[in-house]
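Take a look at the letters that make up each chain.
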Amino acid sequence: MSSTYQAFTAEERAAMKEHAQGQKKAARRSSRADKAAQDQADVIAKIAEMRDSDRIMAERVHAVITGSAPALAPKLWYGMPAYALDGKIVCHFQSAAKFKTRYATLGFSDLAALDDGTMWAAGFALTEVTAEVEARISALVKQAVS
């Protein structure tokens, strides 16, 4: 048994570093409008950096979320495209490449009003974004901010 313990993987440490850099960058921005415009540009740039399959899904997820729930503001969260309400993350898109998983994920925070009895889903695996998936995402984000 090894006595070496690593609390975080290299991918997790990289995500935390990206988050800290984003926080520093955001603190330097001046007006709220400037921050919102830069946050939007940062999300678009991050999506553009993704490999093809993740990028295609992220572009469609971004379009559905911003179109279905305009109250949600795009911003980066731990280096991932995320969508916030009053500055607090409601949902995010995690590419498969981010943590070397076999599928991308659309995740929701505890702020999302997705409650359904005593147990409900807060994360969804994505392998393709079809018209049916777009409709489901649209319904979920609308419910999340209701």
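Scroll up to find the structure.
The sections below set out a description of the structure shown in this document. Please read these numbers as outputs of a predicted model, since none were measured by experiment.

Quick notes on the pattern of salt bridges
Side-chain pairs of opposite charge can arise where the charged atoms are in close proximity.
Phase 1 of the analysis: Summed over the entire model, instances satisfying the criterion amount to eight salt bridges.
Phase 2 of the analysis: Between Arg-55 and Asp-52 there is a salt bridge whose closest N-O contact spans 2.9 Å. Pair noted here: Arg-55 and Asp-52 are both in helix 3 (residues 52-68), with a separation of three residues, about one helical turn.
Phase 3 of the analysis: Among the ionic pairs, Glu-59 bridges to Arg-55, the shortest N-O distance being 3.5 Å. In this pair, Glu-59 and Arg-55 both sit in helix 3, four residues apart, roughly one turn of the helix.

A look at helix 2 (residues 32-49)
Phase 1 of the analysis: The terminal C-alpha atoms of helix 2, which comprises 18 residues, lie 26 Å apart, in line with the 26 Å expected from a rise of 1.5 Å per residue.
Phase 2 of the analysis: Every buried residue of helix 2 is accounted for by Asp-39, Asp-42, Val-43, Lys-46 and Ile-47. Mapping the buried residues of helix 2 onto a view down its axis gives an arc of 130°, with all of them on the same face. Pointing more than 90 degrees away from the buried face of helix 2 are the exposed residues Ala-33, Ala-48 and Glu-49.

Thresholds applied
Residues numbered from 1 in each chain as written. Predicted model: local features only at pLDDT ≥ 70, side-chain atom pairs only at ≥ 80, totals over all residues. Heavy atoms only, no water. Salt bridge = Lys/Arg side-chain N within 4 Å of Asp/Glu carboxyl O. Helix = DSSP H or I, 4+ residues; strand = E, 2+ residues; numbered from the N terminus. Expected span 1.5 Å × (residues − 1). Buried < 20%, exposed > 50% of the residue type's maximum accessible area, 1.4 Å probe, protein only. Arc of directions from axis to C-beta.

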